[in-house]
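Here is how the chains run, residue by residue.
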Amino acid sequence: VQLQASGGGLVQAGGSLRLSCVASGSFFSINVMGWYRQAPGKQRELVAVISNGGSTNYADSVKGRFTISRDSAKNAVYLQMNGLKPEDTAVYYCKIVVTTIMRGMYEHWGQGTLVTVSS
């Protein structure tokens, strides 16, 4: 299973970015898809997750500003980030819970994509 994340970059405070993450490879199903982030000197934290039924959960710090969505046909998850703040600066990671015939159900992380918000 491979995850390809994209969409990070440099943006001014108040701006918007849209992150994308696409899963490829051999798997039976994808359950939860989500985004996490890690700022310099801090632990990795949950940003938002979405189940295969469409239920979502957000970190309090991003509620009302970020929106997570998924396209199951494309095995993709997106994170629309509006009203970005300097404190949103971090490396953003995509994570999925995937089921394969060989390994059963497990978590798989993608490579990070850097989001930098200037003040």
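Details of the structure are given in the entry above.
Since the structure is predicted, the reported quantities are computational estimates derived from the model, not experimental observations. (Residues numbered from 1 in each chain as written. Predicted model: local features only at pLDDT ≥ 70, side-chain atom pairs only at ≥ 80, totals over all residues. Heavy atoms only, no water.)

1. Things to note about the overall build of the protein
Each helix and strand in the protein was counted, giving zero helices and eleven strands. Against the 2.2 N^0.38 benchmark of 14 Å for 119 residues, the protein shows a C-alpha radius of gyration of 14 Å, consistent with a compact globule. Summarising its shape, the C-alpha atoms of the protein cover approximately 45 × 25 × 20 Å along the three principal directions. Residues counted as buried form 45% of the 119 residues belonging to the protein. Of the roughly 6200 Å² of accessible surface on the protein, 51% is carried by carbon and sulfur atoms. For the protein, the distance from the average site of its 11 positive side-chain charges to the average site of its 6 negative ones is 4 Å. (Helix = DSSP H or I, 4+ residues; strand = E, 2+ residues; numbered from the N terminus. Rg over C-alpha atoms; globule rule 2.2 N^0.38 Å. Buried < 20%, exposed > 50% of the residue type's maximum accessible area, 1.4 Å probe, protein only. Areas by Shrake-Rupley, 256 points an atom, 1.4 Å probe, with all protein chains shown as cover. Lys, Arg positive; Asp, Glu negative; His and termini not counted. Charge placed at Lys NZ, Arg CZ, Asp CG, Glu CD.)

2. Topic: the state of the cysteines
With the rule as written, the count across this model stands at one disulfide. What pairs with C21 in a disulfide is C94, and their sulfur atoms sit 2.2 Å apart. Across the S-S bond of C21 and C94 the torsion is about -85°, and the bridge reads as left-handed. Placement of the pair is C21 in strand β3 (residues 17-24) and C94 in strand β9 (residues 90-100), with a sequence separation of 73 residues. The class for C94 is buried, based on a relative accessible area of 0%. (Disulfide = S-S within 2.5 Å.)

3. Points about the environment of Y36
Position of Y36 relative to the elements: it lies in strand β4 (residues 29-38). On the basis of relative accessible area, Y36 is assigned to the buried category, the value being 14%. Excluding residues within four positions of it along the chain, Y36 makes contact with R44, E45, L46, V47, V49, V91, Y92, Y93, K95 and W109. Separated by 3.2 Å, the side chains of Y36 and K95 make a polar contact. (Contact = heavy atoms within 4.5 Å. Polar contact = N/O pair within 3.5 Å; in protein donor to acceptor, adjacent residues only side chain to side chain.)

4. Thoughts on the sheet that holds strand β8 (residues 76-81)
Strand order in the open sheet formed by four strands is β1-β3-β8-β7, and the pairing between neighbours is antiparallel. Here the strands that pair on one side only, and so sit at the sheet edges, are β1 (2-6) and β7 (66-71). On average, adjacent strands in this sheet sit at an angle of 15° to one another, irrespective of strand direction. One ladder, built from six bridges, connects β7 with β8; its direction is antiparallel. Looking at β8, one finds that R70 is bridged to V77. (Pairing = 2+ DSSP bridges. Axes fitted to C-alpha atoms, helices over the stretch in contact; angles between N-to-C directions.)

5. Some points on unusual backbone geometry
Unlike most non-glycine residues, N75 shows phi in positive territory, near 55°. Mapped onto the fold, N75 is located in the loop between β7 and β8. What makes N75 partly exposed here is its relative accessible area of 25%.

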